[in-house]
2 protein chains.
Amino acid sequence: MKAKVYVTLKSGVLDPQGKAIQHSVESLGHRGIADIRQGKYFEIAVDPEISESDARSSIEHIAADVLANPVIEDYRVEIEA
Amino acid sequence: MKAKVYVTLKSGVLDPQGKAIQHSVESLGHRGIADIRQGKYFEIAVDPEISESDARSSIEHIAADVLANPVIEDYRVEIEA
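Here the structure is a predicted model, which is why all the values come from computation and not from measurement.

Novice: I'm lost on the overall build of chain A in this one. Help?
Specialist: Within chain A, the regular secondary structure consists of two helices and three strands. Counting helices and strands in the order they occur from the N terminus, chain A gives β-α-β-α-β. The C-alpha atoms of chain A give 16 Å as radius of gyration, which overshoots the globular expectation for 81 residues (12 Å, by more than 25%). By the burial criterion, 38% of the 81 residues in chain A qualify as buried. At a minimum sequence separation of 6, the contacts of chain A that also span at least 24 residues come to 68%. Of the roughly 4,300 Å² of accessible surface on chain A, a fraction of 51% belongs to carbon and sulfur atoms.

Novice: Any chance you could explain the relation of the copies chain A and chain B here in plain terms?
Specialist: Copies of the same chain, two in number, are related to each other by a rotation about an axis and a translation along it. Taken as rigid bodies, chain A and chain B are interconverted by a rotation of 180° and an axial shift of 0.0 Å, the fit giving an RMSD of 0.0 Å. Classification of the inter-copy transformation places it as that of a two-fold axis. Residues of chain A ranked by C-alpha distance from the rotation axis are headed by K40(A), positioned 2.3 Å from it. Taken as a fraction of all interface residues of chain A, those also at the interface in chain B reach 100%, which identifies the copy contact as same-surface.

Novice: When you look at the pairing of strand β1 (residues 2–9) of chain A in this model, what are you seeing that I'm missing?
Specialist: Moving residue by residue along a regular strand, the side chains alternate between the two faces of the sheet. Residues and elements named next belong to chain A. Summarising burial for β1: six of the eight residues are buried, a large majority. Of the pairings in the sheet, the one linking β1 to strand β2 (residues 33–46) comprises six bridges and is antiparallel in character. Following the sheet pairing, K2 is matched in β2 by A45. In this structure, β1 lies alongside strand β3 (residues 73–80), joined through eight bridges in antiparallel fashion. In the strand pairing of β3, A3 is matched with I79.

Novice: So what exactly am I meant to see when it comes to the interface of chain A and chain B here?
Specialist: You'll often see interface size given as the accessible area lost when the parts meet. Taken together, the contact between chain A and chain B spans 33 residues of the former and 33 residues of the latter. In total, chain A and chain B occlude about 2,700 Å² of area from one another, counting both sides; carbon and sulfur atoms represent 65% of this. Along the contact surface separating chain A from chain B lie zero salt bridges. Counting every contact that joins chain A to chain B gives 12 residue pairs in polar contact (both at pLDDT 80 or more). Here the side of chain A that touches chain B gets 14 residues from one element, more than from any other, and that element is β2(A). Sheet analysis places β2(A) next to strand β2 (residues 33–46) of chain B, joined by 13 bridges and oriented antiparallel. Across the sheet, the residue bridging to E43(A) is R37(B), located in β2(B).

Novice: Before we go on, may I ask you to explain the environment of N69(B) in this structure?
Specialist: You can see N69(B) is positioned in the loop between α2 (52–67) and β3 (73–80). C-alpha separation for the pair N69(B) and V7(B), spaced 62 residues apart in sequence, amounts to 8.9 Å.

Novice: Can you help me understand the sheet that holds β3(A) in this one?
Specialist: Strands pair in a sheet through their backbones, by hydrogen bonds, and they do so in one of two ways: parallel or antiparallel. A sheet is described by the order of its strands in space; here six strands give the open sequence β3(A)-β1(A)-β2(A)-β2(B)-β1(B)-β3(B), paired in antiparallel fashion. Pairing within the sheet leaves two strands with one partner each, and these edge strands are β3 of chain A together with β3 of chain B. In this sheet, adjacent strand axes meet at a mean angle of 20° when their direction is disregarded. Sheet contacts for helix α1 (residues 16–27) of chain A: β2 of chain A together with β2 of chain B; angle to β2(A), the most-contacted strand, approximately 120°. Sheet strands in contact with α2(B) are β2 of chain A together with β1 (2–9), β2 and β3 of chain B, and its direction is about 155° off that of β3(B).

Novice: What am I meant to see in the environment of A20(A) here?
Specialist: All names here are of chain A. Along the chain, A20 falls in helix α1. We classify A20 as partly exposed; its relative accessible area is 42%. Considered as a pair, A20 and I36 are 16 residues apart in the sequence and their alpha carbons are 8.9 Å apart.

Novice: Sorry if this is basic, but what is going on with the side chain of H30(B) here?
Specialist: Relative to the elements of secondary structure, H30(B) occurs in the loop between α1 (16–27) and β2. Polar contacts involving the side chain of H30(B) include one to the side chain of S58(A), which spans 3.2 Å.

Definitions and limits used
- Residues numbered from 1 in each chain as written.
- Chains lettered and ligands numbered in written order.
- Predicted model: local features only at pLDDT ≥ 70, side-chain atom pairs only at ≥ 80, totals over all residues.
- Heavy atoms only, no water.
- Helix = DSSP H or I, 4+ residues; strand = E, 2+ residues; numbered from the N terminus.
- Rg over C-alpha atoms; globule rule 2.2 N^0.38 Å.
- Buried < 20%, exposed > 50% of the residue type's maximum accessible area, 1.4 Å probe, protein only.
- Contact = heavy atoms within 4.5 Å.
- Areas by Shrake-Rupley, 256 points an atom, 1.4 Å probe, with all protein chains shown as cover.
- Least-squares fit on C-alpha atoms with pLDDT ≥ 70 in both.
- Pairing = 2+ DSSP bridges.
- Buried area = accessible area lost by both parts, 1.4 Å probe.
- Salt bridge = Lys/Arg side-chain N within 4 Å of Asp/Glu carboxyl O.
- Polar contact = N/O pair within 3.5 Å; in protein donor to acceptor, adjacent residues only side chain to side chain.
- Axes fitted to C-alpha atoms, helices over the stretch in contact; angles between N-to-C directions.

Keep in mind these numbers describe shape, not what the thing actually does.
Here is the structure:
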């Protein structure tokens with residue numbers, strides 16, 4: 001089983017890295033880019049003998065405790081069979 | 001219009017950061033996690049007057065030139081209306 005976790009900054013939190021990327025992109029001549037925000041993405045392989053509900057609960061804990069900082073970041077978990 | 005870009009290490013490329021996260025997760029007592037790989041995730045807001053095909057071509061160029069290193073990374077672009 002495979003899980004994907006997406007971690008993004010909450011909407012009120014400034015993203016200087018994203019702004020720097022946006023400026024690079026503009027200086028390369030790309031027009032019409034209003035905003036770029038950077039997040040993190042994790043692919044997690046889960047042993048097949050773990051049930052989907054156990055995997056989801058485990059991955060939710062991992063996302064909240066290790067992968068994201070819930071004070072400034074949101075996360076989203078997707079489980080693929 | 002919104003675009004999402006996912007950047008992941010190619011499958012043959014070692015991911016020491018992902019391995020470090022995996023060890024942390026195991027030391028916290030989570031069982032059954034076979035592998036963790038870290039990638040990057042970008043949310044790009046595109047001006048609404050840009051057409052979807054122009055946006056896709058622009059974002060594909062941005063992904064290949066700025067967001068990903070195509071020697072060691074793969075990327076995937078999704079456009080949302």
